[in-house]
Amino acid sequence: MNVFQELTFADDLQKMRFSSFRGLPHIVNMEGIRQGNPKSLTRGLMIALLATTMVVVYFTSGPGAPHLYLEQLPLSCLPSSAISEQDNQTNSSQSTTCSPKFDVMFMKTHKTASSTLLNILFRFGEKHRLKFAFPDGRNDFYYPSPFHRSQVRNYRPGACFNIICNHMRFDGREVSRLLPSDSAYITILRDPARLFESSFHYYRSMIPLTWRIPGPHKLAEFLSSPRTYYKPDGYNSFYLKNLLFFDFGFDNNLEADDPSVETGVRALAERFDLVLIAEHFEESLVLLRDALCWTTDDLLFFSLNARRTASVSRLSPEQRAKARDWNGVDWRLYRHFNGTLWAKVEAYGRARMERDVKELRKRNAEMRGICLVGGGAVEAGMIRDKDMLPWQPVGETSILGYNLRNDIDPQHRTLCRKMLTPEIQYLSNLGVNLWLTQLWGWLKDLLC
């Protein structure tokens, strides 16, 4: 990227950062203000003042324009060095013919079970004392701005990391500057119909395009005539169409048969070593274990960021087909990598896969019995330890969490807590200063 391109990128980045807050004032209860309700008026003015203050603070304290580093930067870090003797011993039970990989780029996509995988990576990186490339001030790399290496906390030219895994809008060239050249690139996809339902529910309050949809069944109404309610340049509109393709840095408003889509799919296939599929999560994890030479214990998990059943819209077959058609680019992307996943399963061996999935389920069931009160997730209002409360969408408490048992044996106490710790809290535990995320969370609670 030359200086002119850097400056253009910087200008675009600043515009996108500012636009991130244009929709906040609309969340205030304007109806109560118009009717002269003193309580609504006072609350509305207070929230508007807070929102404006937050915009100013956010705008002046973010990463700003990417630094114009003039020295020559390497195309990537050098390949990773040999692992320590301790780490060899830790993973010796997995294989005697491979060494575990410690350098991983996880492209965290939205609403795809990616938070569960993120927890696995946090635990693995912490266990092996690896160096994370974290954002600064918030829990993502200034999404939806394109990723730039200057967004990484404490970045300096030539800095090299082991793991990068927070939400970003992917830029492979920028990411490659931060990781060893032999790093494993992984990501995860989900059926676009299910993803669209989840995204519509989770982000609806932050997408002004959805506010004018009439009736109580807004999702069904949108799918009946999506082009009536959608504008490509609408604020946060990317949450409503081909969100996966957008996350990977491409144009989400392309048609599925556009040649650029095939080019994008091929580029991702060349870049990513393994694309997991949320609907086949356990099979995906077994393939991940095999690809990275990790152990089964490294991949134990509880489902994080799951929604309570009552909040999930059950799409009819017709609606599911419409959702896939509307998100045609994502559907094409998903079908391609679902095919590659099952090709890898065949190469791995069906019988071997069934055996290893069964073992993973057995170990996860054991951990549920050891760690969880009642053995499963509970609604947000029933979580006793508020440090374990997951981040909730605006105006709702639909995301489930867990209660830790009080009688966990010392051998499992730390692991249980880490497996259940939500993303925001885990990042804080790892030393990330999330003051912008926390400020938005405080404002969000006021809005609700």
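Scroll up to find the structure this text is about.
Asks: Looking at this structure, how should I read the overall build of the protein?
Replies: Secondary structure assignment for the protein yields 18 helices and 4 strands. By the burial criterion, 51% of the 448 residues in the protein qualify as buried. The contacts in the protein between residues at least 6 apart in sequence include a share of 76% that link residues at least 24 apart. Taken as a whole, the protein presents about 20,800 Å² of accessible surface, with 52% of it coming from carbon and sulfur.

Asks: What should I look at first to understand the sheet that holds strand E1 (residues 104-107) in this one?
Replies: Consider a sheet: its strands pair through backbone hydrogen bonds, and that pairing is either parallel or antiparallel. Strand order in this open sheet of 4 strands is E2-E1-E3-E4, and the pairing throughout is parallel. Of all the strands in the sheet, the pair left with one neighbour each is strand E2 (163-164) and strand E4 (274-277). Examined bridge by bridge, E1 and strand E3 (residues 184-189) share 4 bridges and lie parallel to one another. By the bridge assignment, Met105 is partnered in E3 with Tyr185. In the packing of helix H12 (residues 281-292) onto the sheet, contacts are made with E1, E3 and E4, and the angle to E4 comes to roughly 160 degrees. In the packing of helix H14 (residues 328-348) onto the sheet, contacts are made with E3 and E4, and the angle to E4 comes to roughly 100 degrees.

Asks: Got a minute to help me understand the pattern of salt bridges in this structure?
Replies: In a structure, side chains of opposite charge can pair up when their charged atoms sit close to one another. Applying the stated criterion across every chain, the model contains 21 salt bridges. Salt-bridge contacts for Glu174 lead to Arg149; the nearest nitrogen and oxygen are separated by 2.8 Å. With Glu174 in helix H6 (residues 172-176) and Arg149 in the loop between helix H5 (114-127) and E2, this pair connects stretches of sequence that are 25 residues apart. Across this residue pair, the class does not change: Glu174 and Arg149 are buried.

What counts, and at which threshold
Residues numbered from 1 in each chain as written. Predicted model: local features only at pLDDT ≥ 70, side-chain atom pairs only at ≥ 80, totals over all residues. Heavy atoms only, no water. Helix = DSSP H or I, 4+ residues; strand = E, 2+ residues; numbered from the N terminus. Buried < 20%, exposed > 50% of the residue type's maximum accessible area, 1.4 Å probe, protein only. Contact = heavy atoms within 4.5 Å. Areas by Shrake-Rupley, 256 points an atom, 1.4 Å probe, with all protein chains shown as cover. Pairing = 2+ DSSP bridges. Axes fitted to C-alpha atoms, helices over the stretch in contact; angles between N-to-C directions. Salt bridge = Lys/Arg side-chain N within 4 Å of Asp/Glu carboxyl O.

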